[in-house]
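Coordinate inspection notes
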Amino acid sequence: MIESLSQFNLILLGPPGAGKGTQAGRIVAEYGIPHISTGDILRAAVKNQTPMGLEAKRYMDAGELVPDSVVIGIVKDRLQEPDTAKGFLMDGFPRTIPQAEALDATLDGLDRAVTKTLVLLVDEELLVQRLTGRRVCRACQTPFHVLFTPPKQEGVCDKCGGELYQRDDDSEATVRNRLEVYRNQTEPLIDYYDRAGVVARIDGAQSPDRTYEDIRAALGPAEG
Ligand code: AP5
Ligand code: MG
């Protein structure tokens, strides 16, 4: 019984701009699980000028990772919330081996484990184009792109009518650093989850709809 409740303990892994946020919206809508984006949680803390936000901001603006202790604390707290009992979708976490080990230990303590790690694969030059043209909704965080996935009305979110803005870390220089940080610190997680036998590799260079079709095929039906 518990197994069927927690079969969608999911991780969305991929470089900056791979489409994690874009696909997360679709996955959580269909599978009925909460979207846990450490980037969104950190940006909310920056906006609210909490002590954690003030500490995180200098790392984020430079395209560096926020210290493991901070993000591991965020995720451990989030996994105490009752809505995660039926599963979850991690977006942007884990990003280092210590984060992955901490997640495994936390889930183990709850008699659970990661059931699938979806890895979105996209070439680096396309990632730079996606990120430098990205606009994000201030209210619901839905990502758009000025050329690839434009909103119906410029500057306005199709989903909730919120205002679109450009993220501080989407300048080309910061994007290049984020990609290097990904290669050095996060890409090794693909091997880590391969060893656990839970990886599904997805071609993220396709259209958002095609990419999502492949994700659905990898996850299987939402019922269970
Ligand atoms: P985070 O917010 O997680 O950013 P990221 O990993 O760099 O990823 P992005 O959000 O930039 O890209 P995405 O894959 O979500 O792409 P999207 O769907 O928007 O982290 C930000 C910072 O927070 C980090 O640098 C770090 O400082 C800190 N942080 C967060 N988590 C941390 C952790 N665990 N440990 C330490 N530090 C942490 O799409 C991108 C664009 O492409 C959009 O414009 C979209 O419209 C477009 N697009 C998407 N898919 C397609 C498609 N198929 N075709 C055409 N266009 C597309
Ligand atoms: Mg994102």
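See the structure printed just above.
What counts as what
- Residues numbered from 1 in each chain as written.
- Chains lettered and ligands numbered in written order.
- Predicted model: local features only at pLDDT ≥ 70, side-chain atom pairs only at ≥ 80, totals over all residues.
- Heavy atoms only, no water.
- Pairing = 2+ DSSP bridges.
- Helix = DSSP H or I, 4+ residues; strand = E, 2+ residues; numbered from the N terminus.
- Expected span 1.5 Å × (residues − 1).
- Buried < 20%, exposed > 50% of the residue type's maximum accessible area, 1.4 Å probe, protein only.
- Arc of directions from axis to C-beta.
- Contact = heavy atoms within 4.5 Å.
- Patch = residues over 30% accessible without salt bridge, like charges linked within 9 Å, V, L, I, M, F, W, Y side chains within 5 Å.
- Areas by Shrake-Rupley, 256 points an atom, 1.4 Å probe, with all protein chains shown as cover.
- Salt bridge = Lys/Arg side-chain N within 4 Å of Asp/Glu carboxyl O.
- Core = buried A, V, L, I, M, F, W, Y, C linked by side-chain atoms within 4.5 Å.
- Near = heavy atom within 4 Å.
- Polar contact = N/O pair within 3.5 Å; in protein donor to acceptor, adjacent residues only side chain to side chain.
- Axes fitted to C-alpha atoms, helices over the stretch in contact; angles between N-to-C directions.

Looking now at the sheet that holds strand S6 (residues 143-145). Reading across from one edge, S6-S5-S7 is the order of the 3 strands in this open sheet, with antiparallel pairing throughout. Of all strands in the sheet, those bounded by a partner on one side alone are S6 and strand S7 (164-165). Summarising the sheet, strand S5 (residues 134-137) and S7 pair through 2 bridges and their orientation is antiparallel. Bridge pairing links Cys 137 to Leu 164 in S7.

With that out of the way, let us pick up helix H10 (residues 208-219). Helix length check: H10, at 12 residues, gives a terminal C-alpha distance of 16 Å against a target of 16 Å (1.5 Å per residue), a fit within 8%. Buried within H10 we find Thr 211, Tyr 212, Ile 215 and Leu 219. In an axial view of H10, the angular spread of the buried residues amounts to 95°, which keeps them on one side of the axis. Exposed and facing more than 90 degrees away from the buried side of H10 are Asp 209, Arg 210 and Ala 217. Looking at the buried positions of H10, the neighbouring elements they touch are strand S1 (9-13), helix H2 (20-31), strand S4 (116-121) and strand S8 (199-203). Looking one or two residues past H10, Gly 220 carries a phi angle of roughly 80°, positive in sign.

Within the element layout of this structure, Leu 147 appears in the loop between S6 and S7. Along the sequence, Leu 147 and Gln 129 sit 18 residues apart, while their C-alpha atoms lie 9.6 Å from each other.

Residues Val 146, Leu 147 and Phe 148 make up a contiguous nonpolar surface patch of roughly 310 Å² in combined accessible area. With relative accessibility at 67%, the residue Leu 147 sits in the exposed group.

Moving on: the nonpolar core. Most often, soluble globular proteins have nonpolar side chains that are buried together. With 29 residues, the main nonpolar core has Met 90, Leu 103 and Tyr 193 as its most contacted residues. Looking at this core, the elements that each hand over two or more residues are S1, helix H4 (51-62), helix H5 (68-78), strand S3 (88-91), helix H6 (97-109) and helix H9 (188-195). Beyond its immediate sequence surroundings of up to four residues, Met 90 is in contact with Leu 10, Ile 11, Leu 12, Ile 36, Val 75, Leu 79 and Leu 103. Counting 23 residues, the second-largest nonpolar core is a separate cluster that includes Leu 10, Ile 27, Val 28 and Leu 118.

Before going further, it helps to examine the site of ligand 1. Not every one of the 35 residues close to ligand 1 is listed here, only the nearest: Thr 22, Glu 64, Arg 95, Phe 144 and Arg 178. At a separation of 3.3 Å, an oxygen atom of ligand 1 approaches a polar backbone atom of Ala 18. Here Arg 130 contributes a side-chain N or O atom positioned 3.4 Å from a nitrogen atom of ligand 1. With the chains in place, 96% of the 1,100 Å² that ligand 1 exposes on its own is no longer accessible.

Here we take up the sheet that holds strand S2 (residues 35-37). As summarised here, the arrangement of the 5 strands in space is S2-S3-S1-S4-S8, forming an open sheet in which the pairing is parallel. Strands at the two margins of the open sheet, each flanked by one partner only, are S2 and S8. The mean angle between the axes of side-by-side strands here comes to 20°, regardless of whether they run parallel or antiparallel. Alignment of S1 against S3, held across 4 bridges, turns out to be parallel. What sits directly across from Leu 12, in S3, is Asp 91. Helix-sheet contacts for H9 involve S1, S4 and S8, and the interaxial angle to S8 is about 135°.

Note: S5 against S6, 3 bridges, orientation antiparallel. Bridging across to S6, Arg 134 finds its partner in His 145. Joining the antiparallel neighbours S5 and S6 is a turn of 5 residues, in which Gln 141 adopts a positive phi near 70°.

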